[in-house]
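Reading the structure
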2 protein chains.
Amino acid sequence: MAKDKKKQPRPKAETPKGFRDYFGADVTERKAMLDRIAEIYHRHGFDPLETSAVETVEALGKFLPDVDRPNAGVFAWQEEAVPGGGSGDWLALRYDLTAPLARVAAQFRNDLPTPYRRYAMGPVWRNEKPGPGRFRQFYQCDADTVGSASVAADAEICAMLADALEAVGIARGDYIVRINNRKVLNGVLEAAGVDGSATAEDVLRQIDKFDKVGRDGVLSLLTTGRKDDSGAFIDGVGLSEAQAAPVLAFLTSKGGDNAATLDNLHAAVGASGIGAEGVDELAQIAAMLKAMGIGEDRAVIDPSVVRGLGYYTGPVFEAELTFEILDDKGRKRQFGSVAGGGRYDGLVERFTGQKVPATGISIGVDRLLAALRAKGLAGADAMGPVVVTVMDRDRMADYQAMAADLRAAGIRAEVYLGNPKNFGNQLKYADKRSAPVAIIQGGDEAERGVVQVKDLVLGAKLATEASHDEWKAQPAQTEVSRADLVSEVRRILG
Amino acid sequence: MAKDKKKQPRPKAETPKGFRDYFGADVTERKAMLDRIAEIYHRHGFDPLETSAVETVEALGKFLPDVDRPNAGVFAWQEEAVPGGGSGDWLALRYDLTAPLARVAAQFRNDLPTPYRRYAMGPVWRNEKPGPGRFRQFYQCDADTVGSASVAADAEICAMLADALEAVGIARGDYIVRINNRKVLNGVLEAAGVDGSATAEDVLRQIDKFDKVGRDGVLSLLTTGRKDDSGAFIDGVGLSEAQAAPVLAFLTSKGGDNAATLDNLHAAVGASGIGAEGVDELAQIAAMLKAMGIGEDRAVIDPSVVRGLGYYTGPVFEAELTFEILDDKGRKRQFGSVAGGGRYDGLVERFTGQKVPATGISIGVDRLLAALRAKGLAGADAMGPVVVTVMDRDRMADYQAMAADLRAAGIRAEVYLGNPKNFGNQLKYADKRSAPVAIIQGGDEAERGVVQVKDLVLGAKLATEASHDEWKAQPAQTEVSRADLVSEVRRILG
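Worth saying up front: this structure is predicted, and the values here are computed from it rather than measured. (Residues numbered from 1 in each chain as written. Chains lettered and ligands numbered in written order. Predicted model: local features only at pLDDT ≥ 70, side-chain atom pairs only at ≥ 80, totals over all residues. Heavy atoms only, no water.)

Turning our eyes to something else, we now look at the overall build of chain A. Looking only at helices and strands, chain A has 19 helices and 19 strands in total. If you line up chain A on its principal axes, its C-alpha atoms span 95 × 65 × 55 Å. In chain A, buried positions account for 53% of the 494 residues. In chain A, of all internal contacts separated by at least 6 residues, the share reaching a separation of at least 24 is 66%. (Helix = DSSP H or I, 4+ residues; strand = E, 2+ residues; numbered from the N terminus. Buried < 20%, exposed > 50% of the residue type's maximum accessible area, 1.4 Å probe, protein only. Contact = heavy atoms within 4.5 Å.)

So this is what it looks like as structure tokens:
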């Protein structure tokens, strides 16, 4: 046996590639952020839904076409087929929160309220090549309304998103929810005389570059083509300048306020019926946002939003943080998008054959948390516990009574549980725990009924800043009677 | 295309067998419970850890011996081996929260504080045959201290468990944390002259039935054997009555208080060194619990705790709820165990070769939540939103403004977003949402600047209880000015 054991190499203590662990504040900061968002969603009448992490590949659907590799993009495995047991089904980890919502909306369509407002928060998994900052498990936070064709549902989602951003601490003026509409683009294409979905796809692909190449760049790409930064020539779509004009008018139609923008859009869609419908929807959304007290400084009609126009079928939303941060190379840049969404059809259609309209938003949890950290808004809970040190291992009960007294007063506290022999190690431990205070009681102090209370925050400050006399005065350590332990710690913690 | 589509059958909208979804209160009630537990753990100096759901099969370890079927008991799959990409590793979903803790403790041993106190809450997955109430994904909630050999760590875990149970609402007197020690049992076996681990295993297997068969049953099983309920004869272990005596003395040594129990245990272990060490550990734990203000009505030394004695190496804990509930058949029974744990070695040894002592507790999340529900302690958050109905679809903005006003006052509220044509459907919807109040404003009310506020809770009560005159008086519906909407709703909600 011993021989066999020796032969077997020790297992590697590593997460699989592309996976990570979250420690301490990583967990509590994200949780605090999601709790605040959930509170806003709940107040808007949205109910939580937590689906199982595992779905049948059949229900997830998206990946079915590639029958030879059903696990492309997802983590999938086949159940053993056991008589009376395993079904032989292919199972997979969910890759987003929308596919499970579709399955739930179909499975429970007779039990759920219609419309069904739900929010969901949790990990999703992607079987993709990991890279720096790109993980194969990450959090999503979605809110969707299923079963309402009314743009009132879209307006509500936008208002709720603005409220959620403020609830997590983003100040008014530091974010904007921008709203566009796929139907308006369809109208513009109709006005431009672009027909055939293939050409429409081409146009969509080019205007997707609007953020990068600007108005003139898109004009070139829609007509005769242009050279990109590397010098390579990108073929144009082949529209005439006259055809391209309404598309460019659409992209640049944002005016000084919603009313001006809507006027510009009316002009851009010309006589198109679908275009007029789209502009009217945006006008309704603008009116409803106003009625809900959401000013144009918080959510605004903005036809330059191009992300998602290819996927969504009606209104499209995007939330951007407008403050600047320093990037990896120390350059200022705008923080950018933290949430996106829109209206989509056919959510449930795969399952039931019925079209069910839906609209929703997804917040990029990691990006929003990074934004809060960049603004110093996420770190409230980082203080470590008060550490009660151990001078005399036979008096553990006394030290535990001290910690219990502190906890009973609502103060986070723990007894040092390592080998107490080396006192320096105990203070190093307190430092590693970011402890604000250490409690010390040796035999003579116990006899006199006192404890030493060491202010570690002040101590660290004095160590770097104090004069010799200040240092000698040792104001960072005070002796108090055992009965005054809690009040003295409370005084130091402020 | 259309023809192809017809051929493909629609996917089934179902969770995989053994998986389930959690809706609304299922999510919020569990979350509220876990939040309260986390608060207690945090106050005791424990830090949260959230490991990835996916581990390498190599790191999970337990299932490796069966090389032909590495996925027995776990959901596992092999990564594609792609040059520069997938490693060809076997990956698996974690089956508990302890195996990932072992991996983390080894992987980050140079960065983590020593000892490392951590708690973890989250789903785990088991590839087992599902059954009624037996799911393949469920929650666990663990707290462990890694790297401390001191029984102070065990005492702290027991105190924290008692605090956690009270924090979620279990009253003092309705639970008990019972503490035993594997070392005491080892001492008893030594005193009984039982040697050889095979015989010790046999004895363990029999005393595991103590809860079911009682003292005399165990005596038979340890000696000559007995008939079970079905009439089948179960062979005995073959001890003499004299050998069985110390084992039975151990199991029945609980006295009127800890001091009496410890005296009985001293007698049971006789001259055994390991036994004396075990009894001394229990005495220390008893003293520390007392110092922490945890009375014997909350946590007590109880050698009849046999669950886990085979697995743990030192102190063993179990939390039981002592109140009675009615089971499926209407019979009274004690609720029973909701948490268990103990001290174990070798957590990290597989990875590093070094023994690292650890101790911890795992709360059965579903069982504890079921207990809270049985006691009516979990359902605080079940109230639905105020529903603003839609009488005139052209005035959606007005209705949304009402909902926004209510939300601004902290009241959960939503506008009906379905087809407003049939008003009866709107009230049915409000009922399905458990709405406490419905708001109604038709054209004439809008002109007069008033709204109807319908108290749905009172309305439902009147419908079943009221006399005809009371019913005619319609006290469940009041007309107030639009400006008084919020205050009237607040009055009704109390």
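Structure shown, so let's carry the discussion forward.
Before going further, it helps to spend a moment on the pairing of strand β12 (residues 315–326) of chain B. Residue and element names in this part refer to chain B. Counting buried residues along β12, 9 of its 12 residues qualify, which places the element largely inside the surrounding structure. Sheet analysis places strand β8 (residues 175–181) next to β12, joined by 7 bridges and oriented antiparallel. In the strand pairing of β12, Y175 is matched with L321. Sheet analysis places β12 next to strand β13 (residues 332–344), joined by 9 bridges and oriented antiparallel. Each bridged residue has a counterpart across the sheet, and for E320 the counterpart in β13 is S337. (Pairing = 2+ DSSP bridges.)

This next bit is on the relation of the copies chain B and chain A. Laying chain B over chain A is done by rotating through 180° and shifting 0.0 Å along the axis; what remains is an RMSD of 0.1 Å. What we have between these two chains is a two-fold relation. Taking C-alpha positions as reference, the residue of chain B nearest the rotation axis is W77 of chain B, located at 2.8 Å. When the interface residues of chain B are mapped onto chain A, 100% of them again fall at the interface, so both copies present the same face. (Least-squares fit on C-alpha atoms with pLDDT ≥ 70 in both.)

Residue and element names in this part refer to chain A. Helix α9 (residues 241–251) packs onto helix α6 (residues 182–191) with a crossing angle of 155° between their chain directions and a minimal axis gap of 8 Å. Taken together, the axis directions place α6 and α9 in an arrangement best described as roughly antiparallel. In terms of crossing hand, the pair formed by α6 and α9 is right-handed. In contact with V184, L185, V188 and L189 of α6, α9 contributes P246, V247 and F250. For the contact of α6 with α9, a count of residues per class yields 7 nonpolar, no polar and no charged. (Axes fitted to C-alpha atoms, helices over the stretch in contact; angles between N-to-C directions. Parallel < 35°, antiparallel > 145°, perpendicular 65-115°, else oblique. Left-handed = near helix turned anticlockwise from the far one by under 90°. Nonpolar A, V, L, I, M, F, W, Y, C, P; charged D, E, K, R; others polar.)

All names here are of chain A. Mapped onto this numbering, the UniProt entry gives "binding site: L-histidine" (unreviewed entry) at D96, L97, T98, R126, Q140, D144, R307, Y311 and Y312. Tracing the chain through its elements places T98 in helix α4 (residues 98–107). The residues contacting T98, other than those within four sequence positions of it, are D142, Y344 and L347. Mapped onto the elements, R307 comes out in the loop between β11 (299–301) and β12 (315–326). On the basis of relative accessible area, R307 is assigned to the partly exposed category, the value being 49%. Leaving out residues up to four positions away in the same chain, R307 has contacts with D208, V316, E318 and S337. (UniProt positions renumbered as here; feature names shortened; annotations may be inferred.)

Interfaces are often sized by the amount of accessible area the parts lose when they come together. Contact with chain B, which involves 98 residues of that partner, is made by 98 residues of chain A. Taking both partners together, chain B and chain A bury about 8,300 Å²; carbon and sulfur atoms supply 54% of that area. Three residues stand out in chain B for area buried against chain A, namely E50, R412 and L417 of chain B, and they jointly supply 9% of the buried area on that side. Linking chain B with chain A are 14 salt bridges. For the salt bridge of R136 of chain A with E79 of chain B, the shortest nitrogen-to-oxygen distance reads 3.0 Å. The tally of links from chain B across to chain A stands at 52 residue pairs in polar contact (both at pLDDT 80 or more). With 7 residues, helix α2 (residues 25–43) of chain B is the largest single contributor of residues to the side of chain B that touches chain A. (Buried area = accessible area lost by both parts, 1.4 Å probe. Salt bridge = Lys/Arg side-chain N within 4 Å of Asp/Glu carboxyl O. Polar contact = N/O pair within 3.5 Å; in protein donor to acceptor, adjacent residues only side chain to side chain.)

Here we take up the environment of D47 of chain A. Looking at the element boundaries, D47 of chain A is found in strand β2 (residues 47–50). For D47 of chain A, a relative accessible area of 19% corresponds to the buried category. C-alpha separation for the pair D47 of chain A and R117 of chain A, spaced 70 residues apart in sequence, amounts to 6.3 Å. Each residue touching D47 of chain A, except ones within four places of it in the same chain, is listed here: R117, R118 and Y119 of chain A together with R412 and R433 of chain B.

An α-helical segment advances 3.6 residues per turn. Residues three or four places apart therefore align on the same side. Counting buried positions along α4 of chain A yields 9 of 10 residues, so the element is predominantly enclosed. Taken residue by residue, α4 of chain A has T98, A99, P100, L101, A102, R103, V104, A105 and A106 of chain A as its buried positions.

On to the sheet that holds strand β4 (residues 76–78) of chain B, then. Residue and element names in this part refer to chain B. The 3 strands lie next to each other as β3-β5-β4, forming an open sheet whose pairing is antiparallel. Since the sheet does not close on itself, it has two edges, and those belong to β3 (54–56) and β4, each with one partner. Here the average twist between neighbouring strands, direction ignored, is 30°. Sheet topology places β3 next to strand β5 (residues 90–93); 3 bridges connect them, and they run antiparallel. Looking at the pairing, V54 lines up with L93 of β5.

Before going further, it helps to spend a moment on the domain arrangement of chain A. Domain boundaries assigned for chain A yield domain 1 (31–38 + 97–119 + 127–194 + 239–374) and domain 2 (386–493). Relative to domain 2 of chain A, the C-alpha centre of domain 1 of chain A lies at a distance of 53 Å. (Domains from an automatic or database assignment.)

Residues and elements named next belong to chain A. Following the criterion strictly, the structure yields 73 salt bridges over all chains and no others. Of the charged contacts in the structure, one is a salt bridge between E479 and R448, with a shortest N-O distance of 2.7 Å. A residue pair is termed long-range when its members are at least 10 positions apart, and E479 in strand β19 (residues 477–481) and R448 in helix α16 (residues 443–448) qualify at 31 residues. Judged by relative accessible area, which is 40%, E479 ranks as partly exposed.

All right, on to the packing of helix α10 (residues 258–269) of chain B against helix α11 (residues 273–291) of chain B then. All names here are of chain B. Between α10 and α11, whose axes approach to 9 Å, the crossing angle comes to 170°. Taken together, the axes of α10 and α11 lie roughly antiparallel to each other. Of the residues in α11, those in contact with N258, L262, L265, H266 and V269 of α10 are G275, A276, V279, L282, A283 and A286. The residue inventory of the contact of α10 with α11, partitioned by class, reads 8 nonpolar, 3 polar and no charged.

What follows concerns the state of the cysteines. A complete count under the given rule lists 0 disulfides over all chains for this structure. With no disulfide of its own, C158 of chain A lies 15 Å from the sulfur of C141 of chain A, the closest cysteine sulfur. (Disulfide = S-S within 2.5 Å.)

In this section: unusual backbone geometry. Residue and element names in this part refer to chain A. The omega torsion of the bond from T114 to P115 falls at -5°, within 30 degrees of zero and hence cis. Take P115: it is sitting in the loop between α4 and β6 (116–125). We note that S434 has phi near 55°; this positive angle belongs to a residue other than glycine. Structurally, the position occupied by S434 is in the loop between α15 (423–432) and β17 (437–440).

What follows deals with the packing of aromatic side chains. Taken as a whole and assessed by the stated rule, the structure comprises 19 aromatic pairs over all chains. Measuring from centroid to centroid gives 5.1 Å for F108 of chain A and F23 of chain B, while their planes differ by 75°, and the two rings are edge-to-face. You can see F108 of chain A sitting in the loop between α4 and β6 and its partner F23 of chain B sitting in strand β1 (residues 22–23), one on each of two chains. Taking the relative accessible area as the measure of exposure, F23 of chain B reaches 22% and is therefore partly exposed. (Phe/Tyr/Trp six-rings, centres within 6.5 Å; stacked < 30°, edge-to-face > 60°.)

Our focus in this paragraph is helix α14 (residues 396–408) of chain A. All names here are of chain A. Under the 1.5 Å per step criterion, the end-to-end length of α14 is 18 Å for 13 residues, consistent within 8% with the ideal 18 Å. Every buried residue of α14 is accounted for by M396, Y399, Q400, A401, M402, A403, A404, L406 and R407. Immediately downstream of α14, the backbone of G410 shows phi near 85°, a positive value. (Expected span 1.5 Å × (residues − 1).)

What follows deals with the pairing of β5 of chain B. As paired strands, β4 of chain B and β5 of chain B are joined by 3 bridges and run antiparallel to one another. Looking across to β5 of chain B, one finds that W77 of chain B is bridged to L91 of chain B.

If you look at the biggest cluster of nonpolar residues, it comprises 130 residues, and the most contacted ones within it are I37, Y41, I179, I207 and L368 of chain A together with I439 of chain B. Per-element accounting of this core gives the leading share, 12 residues, to helix α5 (residues 151–167) of chain A. When sequence neighbours within four positions are dropped, the list of residues in contact with I37 of chain A reads M121, C141, A164, V168, I363 and L368 of chain A. Among the nonpolar cores identified, the runner-up in size contains 129 residues, and V453 of chain A together with I37, A38 and A162 of chain B belong to it. (Core = buried A, V, L, I, M, F, W, Y, C linked by side-chain atoms within 4.5 Å.)

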